[in-house]
Each structure stands twice: as C-alpha cells, then as structure tokens.
Amino acid sequence: MSVQTATSPTTRRFDPLACKDDLDAFRAEVRAWLEAVVPADWHARMTGASEADYVAFQRWWFAEMGKVGLATPHWPRDWGGADIGIRHQVIIFEEIARAQAPNPDMFVISLYHLPATLFGNGSKAQRDRYLTGVKERGEVWCQGFSEPGSGSDLASLRTRAERKGDVYVINGQKVWSSYGAFADYCLLLARTDPTAPKKQAGISYFILNMKAPGVTVRPIRQATGQAEFCEIFLDNVEIPVADLIGEENAGWAIAQSTLSAERGLIIFELSERMARTLDADLAEAKRTDAAWLKDDEARRAFTRAYNDMVALRLMIRALMQEIETDPHMGSTTMPTYIKVHFSELLRRYTEFRLKLGGLAGQLRQPIVLGGGHQTGNVMHDFLLSYAWTISGGANEILKTMIAERALGLPR
Ligand SMILES: Cc1cc2nc3c(=O)[nH]c(=O)nc-3n(C[C@H](O)[C@H](O)[C@H](O)COP(=O)(O)OP(=O)(O)OC[C@H]3O[C@@H](n4cnc5c(N)ncnc54)[C@H](O)[C@@H]3O)c2cc1C
C-alpha cells in the first residue's frame, strides 16, 4: 500500500509542543496538524485492509505523530518525551477523537506499558536502548503475562527462567499476547524460584526479544474473526542477564507498575470517541426521526448509556485532577473504576446499537482497522466489547478489588 498524507500536501510546519504554555494555542495547533495530516480517505483504506496494509498504516501514523512530538509527549523529557501535563494529554485525545484520526493501537504497549515499567525499575542502559527503540524506530512491544491457567491468578504462572552463566534459559507458554504477531519485544514474567514460599516472591521480569531462537508465535482467531492476540511458545530461549528488569525474584512488584498503565489513562481517548459516537447517533436519530426515539425501552437504554458516558468523563477528569495534584500518589482505585465502568458501558451501548440494527446489522462486514471501538460494523463492536470486560483484569476480579480496597468490605 502506498502511504500518503492528507489529500492536499502542506508546506506548513507544525509544532504543537512549542505552544504548550498556552492551552488554546496548543489545541489549535494540534487541530490544524490533524486537519493537514490525517488522510481524508483513511477509513475507506483501512476497511477490510490486509494485515500488511494495517501494519504499514500504523507505522506511518506512529511516525507522523513522532514528527510533531505527539507520539510520546507524555514521556519525561530525559527519555525523549515532552513532559507535558495531563491537560495537554486530554486535549490531544479530544482532538484525535474529534478528527476521527487513527488510533495507534499496535503501539499501545510500547507507549504506555513499557515506559510505566522501565521509568521506575529499568536500568539506564535498558531505558536508553528500548525507549529510544520505540521513539526512533517504532519498535512494537507485546506483554507476556497470562498463561493457560494463569490469568486472574497471575501469580500461579509456570513459565520457568533458569540462570545459566550470563543468560536465563526460558521454557513455557504465554497466551493472549495482544499484537504479539507484530512485536519486536515482549515484557515477560517468568518464575525464577519455584520453591519460594509465596508464589509472588519467585517471579522475575524480563525483556524478551521476539526474534530470539526458540520463540514461536501463533495467532489466535477471535469471535470477531480477527487474530489480534497470540500464543507464545518458549523453548530454551536465552535472555541475556542484562535484560532482567530489576532484581531477580522481584518481578511481581514491577508488574504492578505495568498493570497500572492498562487502566485509566488509555481509556481517555476511547471515552472521547465514545462521547462523539453517542452525540452523532442522537443527532442522526433526530434528523431522520428514527423509530427508536418513540420506543420507551430504546430511549431508556440510550439515556442510560449517555448518562454513563457523562459519568465516565467526570471520572476521567477526577483522575486527571488527582494526578495533577500529586503525580506519584494518584488514586489507585480510580483507574479501576474507569476500566470497569467503560467496559460495561461499551458492552451495553454496542448491544443497544446491535438491537437497533435488526437482522441486517448482524451481518459480518469488513471493518475499519485502527479506529478504536468504531469499526463501522455493530456486530463486530458488540463482540469486541466483551474483550474489554476481560482484558486488563476481569471485571469480576476488579470489582472485588474495589470492594476490599476502596470500600473496605470484608473479604
Ligand atoms: C482483548 C484481550 C487482550 C489481552 N491482552 C493480553 C496481553 O497483551 N498480555 C497478556 O499477558 N494477557 C492479555 N490478556 C489476558 C487477560 O489479562 C486475561 O484474560 C485476564 O487476566 C483473565 O484471565 P483468564 O483469561 O485466565 O480468565 P480466568 O482467570 O480463568 O477467569 C475466567 C472467569 O472466572 C472469573 N474468576 C476467576 N477467578 C475469580 C475470582 N477469584 N473471583 C471471581 N471471579 C473469578 C473471571 O472473572 C472470569 O470471568 C488479554 C485478554 C483479552 C481479552
């Protein structure tokens, strides 16, 4: 696929970060850049696109964002970011949603999970090598935490890592690794001390090169027909000792930093897209005097979704305020509330849209790749909404966490 920029080439140079001291000017610059750079026909080009075309388009989009500093603006300046505040981040997400720009979903682990892990726990050499790799070469990361039988009960993982001289030798299997088929590296948890009295105490955290001998990746086909996540088989794979993150057997605590990146912030953009979808659906229904506007049950379902969306945005703003007040001591439960709330809202709203679509709406059609939850096909959106209630920790588990840690209910 030839990857071109916007329909009319522009000679204007954009630099949103130069305007970061003035929020309105920053927003205007982000908006102008998006208008110039997002190809008007990208939805059409990514509808039913091949895997190779999707990967090429994602790489192109990531590189374009990087050119104006908007791929990694949330990273600290020392590691190639712009140190921008959470308000700027929200503006970027709002404008991306407004422009219906692509979502760089293939890079989500590279952009959020990896830095959340390496900033506080990685060595300088690891940060220099791997954060630069993301920023300058667009390296793709995946996450190898879950195993068959170790998902919610992650601490029961069985993949073994045995130190032999300057390397660890890894044997085992991972599952559900999102974007594993495209990944250059993997954030890997493995057991280094099977005799530790507490399961959590015997786990270490590694950087796995996905091209290393002994790594086999097998995509898993989902209910949606896509195969966005993979099984990873590890057969005597050697990882240099330099790619151990933190201390041996101290991986569990580090994994909590990675997991914190899975909830909360990455839902910012999706919630903005969701808000626009709801508004657009309502406007369209009014314009066409849609039958559902006169149906009590449908109106109730829409109103509930709308109220839930407003609540979601308020929660995100509350989290934003907490992080602004104290970047290191933000609430530990708000991101969990946000993830549970967003996923349940998404499930209910996609179900509502599926019902409205009738039988015709249930037909499988080619979908837009890289548009967040807006794929252009309600059946697909509905099926995929289930993924959100499981990924990043099953909602049942998260609700238990909220009950115990936030509400102080008995175990
Ligand atoms: C779209 C998607 C992407 C993912 N991406 C990744 C990835 O990139 N890397 C990665 O490592 N993993 C990934 N995962 C895996 C995900 O983290 C796990 O699926 C999740 O932690 C649940 O684990 P499990 O599948 O083993 O389910 P189980 O733990 O077997 O749970 C099955 C069901 O039982 C319930 N249950 C289990 N224990 C309890 C309990 N104590 N109390 C109440 N209910 C319970 C659960 O809530 C769930 O409904 C992804 C999953 C999805 C859906």
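Each residue is numbered by its place in its chain's sequence as written, counting from 1. The predicted origin of the model limits local features to residues at a pLDDT of at least 70 and limits the giving and counting of side-chain atom pairs to 80 or more, whereas totals for whole chains, interfaces and linings rest on all residues. Here the side-chain values reflect all heavy atoms present in the structure, with hydrogen atoms and water set aside.

Identification of the protein as Alkylation response protein AidB-like acyl-CoA dehydrogenase from Caulobacter rhizosphaerae is taken from an unreviewed UniProt entry. UniProt positions are given in the numbering used here, feature names are shortened, and annotations may be inferred rather than shown by experiment. Database annotation for the protein, UniProt heading Cofactor (unreviewed entry): "FAD". Of the protein, the UniProt comment under Sequence similarities (unreviewed entry) reads exactly: "Belongs to the acyl-CoA dehydrogenase family."

Here we come to the overall build of the protein. By definition, any uninterrupted DSSP run of H or I lasting at least four residues is a helix, any uninterrupted run of E lasting at least two residues is a strand, and each is numbered from the N terminus. The helix and strand tally for the protein stands at 12 helices and 8 strands. The globule rule puts the C-alpha radius of gyration for 411 residues at 22 Å, and the 22 Å found for the protein is close to it. Projected onto its principal axes, the C-alpha coordinates of the protein cover approximately 70 × 55 × 45 Å. The proportion of buried residues among the 411 residues of the protein is 49%. What makes two residues a contact is simply this: any of their non-hydrogen atoms within 4.5 Å. Considering only residue pairs separated by 6 or more positions, the protein has 72% of its internal contacts joining residues 24 or more positions apart. Here the accessible surface of atoms and residues is derived via Shrake-Rupley with a 1.4 Å probe, and residues count as covered only by protein chains that are part of the display. Carbon and sulfur atoms provide 53% of the accessible area of the protein, an area that totals close to 19,300 Å². Of the side chains in the protein, 47 bear a positive and 50 a negative charge, and the two mean positions are spaced by 2 Å. Here the radius of gyration uses the C-alpha set of atoms, whereas the globule reference equals 2.2 Å times the residue count to the power 0.38. Categorising residues by exposure relies on relative accessible area from a 1.4 Å probe, with only protein chains included: less than 20% of the type maximum marks a residue as buried, more than 50% marks it as exposed, and the intermediate range marks it as partly exposed. Positive charges come from Lys and Arg, negative ones from Asp and Glu, while His and the chain ends are left out of the count. Charge placement uses NZ in Lys and CZ in Arg. For Asp and Glu, CG and CD serve respectively.

Salt bridges are identified by distance alone: a Lys or Arg side-chain nitrogen within 4 Å of an Asp or Glu carboxyl oxygen. Applying the stated criterion to the full structure yields 26 salt bridges. Here Arg287 and Glu284 are joined by a salt bridge, their closest N and O atoms 3.0 Å apart. Of the two residues, Arg287 and Glu284 are both situated in helix α8 (residues 267-288); the distance of 3 residues between them amounts to about one turn of the helix.

Excluding glycine, a negative phi dihedral is what most residues carry, and trans is how most peptide bonds are arranged. At Gln100, a position not held by glycine, the phi torsion is positive, near 50°. Inspection of the secondary structure puts Gln100 in the loop between α4 (86-98) and α5 (108-121). The backbone of Tyr179 shows a phi angle near 60°, a positive value even though the residue is not glycine. Among the residues examined, Tyr179 registers a relative accessible area of 10% and is labelled buried.

This part is about the UniProt feature "domain: Acyl-CoA dehydrogenase/oxidase N-terminal" (unreviewed entry) in the protein. Here the UniProt feature "domain: Acyl-CoA dehydrogenase/oxidase N-terminal" (unreviewed entry) sits at residues 21-134. Here residues 21-134 is 66% helix and 0% strand, with 27 Å between the C-alpha atoms at its ends.

Turning our eyes to something else, we now look at the site of the ligand. Of all residues adjacent to the ligand, which total 15 residues, the nearest are Gln143, Ser146, Ser152, Trp176 and Glu396. Separating a nitrogen atom of the ligand from a backbone N or O atom of Gln143 is a distance of 2.8 Å. Contact distances for the ligand include 2.9 Å between an oxygen atom and a backbone N or O atom of Phe145. Look at the ligand: alone it shows 970 Å² of surface, and the protein chains cover 64% of it. Contributions of two or more residues to the shell around the ligand are made by β3 (167-178), α11 (378-390) and α12 (395-406). If one sorts the elements of the shell around the ligand by residue count, β3 sits on top with 3 residues. As a working rule, the residues Ala, Val, Leu, Ile, Met, Phe, Trp, Tyr, Cys and Pro are called nonpolar, Asp, Glu, Lys and Arg charged, and the rest polar, with Gly in that last group. Of the residues belonging to the shell around the ligand, the class tally is 7 nonpolar, 7 polar and 1 charged. Any residue with a non-hydrogen atom lying within 4 Å of a molecule or strand is treated as near it. Polar contacts, as counted here, are pairs of nitrogen or oxygen atoms within 3.5 Å of one another; within protein the pair requires one atom able to donate a hydrogen and one able to accept it, and residues that are adjacent in sequence qualify only if both atoms are side-chain atoms.

Moving on, we come to α11. Among the residues making up α11, those that are buried are Val378, Met379, His380, Asp381, Phe382, Leu384, Ser385 and Thr389. On its buried face, α11 sits against α10 (334-361) and α12. Just downstream of α11, Gly392 is the residue with a positive phi angle, here 65°.

This next bit is on the pairing of strand β2 (residues 160-164). In this structure, β2 lies alongside β3, joined through 5 bridges in antiparallel fashion. In the strand pairing of β3, Arg160 is matched with Asn171. At least two bridges found by DSSP between two strands is the condition for calling them paired.

The next subject is the environment of Arg129. With respect to the helices and strands, Arg129 occurs in helix α6 (residues 124-137). The contacts of Arg129, once residues within four sequence positions are left out, are Arg137, Glu139 and Tyr185.

To continue, consider the side chain of Asn377. Along the chain, Asn377 falls in the loop between α10 and α11. You can call Asn377 buried: its relative accessible area is 2%. Among the polar contacts listed, one links the side chain of Asn377 to the side chain of Gln365, at a separation of 3.4 Å. Discounting residues that sit within four places of it in the chain, Asn377 has contacts with Gly361, Leu363, Arg364, Gln365 and Ile367.

This next bit is on the nonpolar core. Buried Ala, Val, Leu, Ile, Met, Phe, Trp, Tyr and Cys residues form a nonpolar core when they are joined through side-chain atoms within 4.5 Å. Formed by 108 residues in total, the largest nonpolar core has its most connected members in Trp33, Trp61, Trp141 and Leu208. In terms of residue count, helix α9 (residues 296-325) provides more of this core than any other element does, 10 residues in total. Setting aside chain neighbours within four positions, we find Trp61 in contact with Trp33, Leu34, Val37, Val38, Ala101, Pro102, Asn103 and Pro104.

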